[in-house]
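Okay, here's what each chain looks like letter by letter:
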Amino acid sequence: MAKEITIGRANANDVVLAYPSISRKHASIHLVDNKEMVFHVHDFGSANGTFKNGERVSDAEFHAHNDRISIAHIDLKPSHFLPYFYDELAEAAALGVSTSERVQYNKVHRLSYQRQIFYCVVIKHISDQA
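Right, let's walk through the structure included here. None of the values given here were measured: they were computed from a predicted structure.

1. Some remarks on the nonpolar core
Move 1: In this structure, Ile29, Phe39, Val41, Ile71, Phe81 and Phe85 are the most contacted members of the largest nonpolar core, which totals 24 residues.
Move 2: Looking at this core, the elements that each hand over two or more residues are β1 (4-8), β3 (27-33), β4 (38-43), β7 (59-63), β8 (69-71) and β9 (74-76).
Move 3: Tallying contributions element by element places β3 first for this core, with three residues.
Move 4: Residues in contact with Phe81, not counting those within four places in the same chain, are Ile5, Ile29, Phe39, Phe62, Ala64 and Leu76.

In structure tokens:
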């Protein structure tokens, strides 16, 4: 099964949005196509909804950089969820970063390292499309 992250107000979520209008477990996102950066968002029946380009959706596919996703009234930026899909995106970009290279960093530095590599993935993806 594809990796899935959850978004909501509760601390148990991967992405925590601490606003009263956000449900405790509001929505989930999983990667559909790592080369095209297409994702799927699922709303768990939240009161204030999930939106794609301003239209309320319960399930929808979206492109990370071409579509706007909102959780209730909060616009979700790619930087909120893309780092969670680092491994899948790095694989698609064929960067060749080995697992042992990532493991040598402790947990505090690992996120920073992943973000640096992730931005390389995004830049490579955008330049490949040009």
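2. Looking at the pairing of β1
Move 1: In terms of burial, β1 is largely enclosed, as four of its five residues are buried.
Move 2: The pairing of β1 with β3 spans four bridges and is classified as antiparallel. Bridge pairing in β3 places Ile7 opposite Ala27.
Move 3: Sheet topology note: the β1/strand β2 (residues 15-16) ladder contains two bridges and is parallel. Residue Gly8 lies in a different strand from β2, and its bridge partner there is Val16.

3. Some words on the pattern of salt bridges
Move 1: Here the structure, examined in full by the defined rule, presents one salt bridge.
Move 2: Close ionic contact of Asp75 with Arg68 constitutes a salt bridge, the shortest N to O distance being 3.5 Å.
Move 3: In this structure Arg68 comes out as partly exposed when scored by relative accessible area, which is 41%.

4. Focus on the environment of Gly45
Move 1: Topologically, Gly45 is positioned in the loop between β4 and β5 (50-52).
Move 2: Expressed as a C-alpha distance, the spacing of Gly45 and His26, which sit 19 residues apart in the sequence, is 7.4 Å.

5. Thoughts on the packing of aromatic side chains
Move 1: In total, this model carries four aromatic pairs according to the counting rule given.
Move 2: Judged by centre distance (5.2 Å) and plane angle (65°), the ring pair of Phe39 and Phe85 falls under edge-to-face. Here the residue Phe39 occupies a position in strand β4, and Phe85 occupies one in the loop between α1 (78-81) and α2 (86-93), the gap between them amounting to 46 residues.
Move 3: Centroid distance Phe62 to Phe81: 5.7 Å. Interplanar angle 80°. Geometry classified as edge-to-face.

What counts, and where the lines are drawn
Residues numbered from 1 in each chain as written. Predicted model: local features only at pLDDT ≥ 70, side-chain atom pairs only at ≥ 80, totals over all residues. Heavy atoms only, no water. Core = buried A, V, L, I, M, F, W, Y, C linked by side-chain atoms within 4.5 Å. Buried < 20%, exposed > 50% of the residue type's maximum accessible area, 1.4 Å probe, protein only. Helix = DSSP H or I, 4+ residues; strand = E, 2+ residues; numbered from the N terminus. Contact = heavy atoms within 4.5 Å. Pairing = 2+ DSSP bridges. Salt bridge = Lys/Arg side-chain N within 4 Å of Asp/Glu carboxyl O. Phe/Tyr/Trp six-rings, centres within 6.5 Å; stacked < 30°, edge-to-face > 60°.

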